[in-house]
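What follows is the residue order along each chain.
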Amino acid sequence: MAVKIRLTRMGAKKAPYYRLVATDSRVARDGKCIENLGTYNPMVEPAEIKLNKERINYWLSVGAQTTDTAKELLVRDGILERPAYRTPKEKQMPPAPKAKVEESAEGASEETTNNDAE
């Protein structure tokens, strides 16, 4: 069973409130969960995050994967470290095949010499 640590939506319409849960990855977003790990309330300023660090560390140690949003919450709370940012490599254009370039240049020069002879 693949376990994910992710958010499940609670609260009323237009007033979201989330629970951080450990759940089977095949279950629906708001479906059955294995364990509640904390809460996240984005509607208050600043956003309120309450997490059970001991249980989160347990689930991470047994191989649970986090979703992107859950990972951001764990980084913000200091449970996980933010991975170092790597600058993307510049895209390199492959070198043009020389044989085709030379053939087309030779073909063009032959045409001009044939036109001059006429």
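One can find the structure itself at the top, above this paragraph.
Residues numbered from 1 in each chain as written. Predicted model: local features only at pLDDT ≥ 70, side-chain atom pairs only at ≥ 80, totals over all residues. Heavy atoms only, no water.

## Digging into the overall build of the protein
- Looking only at helices and strands, one finds 3 helices and 5 strands in the protein.
- Helices (α) and strands (β) of the protein occur, in sequence order from the N terminus, as β-β-β-β-α-β-α-α.
- Long-range contacts, defined here as pairs at least 24 residues apart, represent 31% of the contacts in the protein between residues at least 6 apart.
- Total accessible area on the protein is roughly 9,400 Å²; 51% of this is exposed by carbon and sulfur atoms. (Helix = DSSP H or I, 4+ residues; strand = E, 2+ residues; numbered from the N terminus. Contact = heavy atoms within 4.5 Å. Areas by Shrake-Rupley, 256 points an atom, 1.4 Å probe, with all protein chains shown as cover.)

## Thoughts on the packing of aromatic side chains
- All told, the structure shown has 2 aromatic pairs when counted by the stated rule.
- Both rings, one in Tyr18 and one in Tyr40, keep their centres 6.1 Å apart while their planes meet at 25 degrees; by these two values the pair is stacked. Of this pair, Tyr18 sits in strand β2 (residues 15-24) while Tyr40 sits in strand β3 (residues 35-41), placing them 22 residues apart in sequence.
- Measuring from ring centre to ring centre gives 5.3 Å for Tyr58 and Trp59, while their planes differ by 70 degrees; the resulting arrangement is edge-to-face. (Phe/Tyr/Trp six-rings, centres within 6.5 Å; stacked < 30°, edge-to-face > 60°.)

## Topic: the pattern of salt bridges
- By the definition in use, this model includes 6 salt bridges.
- The salt bridge involving Asp24 is made with Arg26; its shortest N-O contact spans 2.9 Å. (Salt bridge = Lys/Arg side-chain N within 4 Å of Asp/Glu carboxyl O.)

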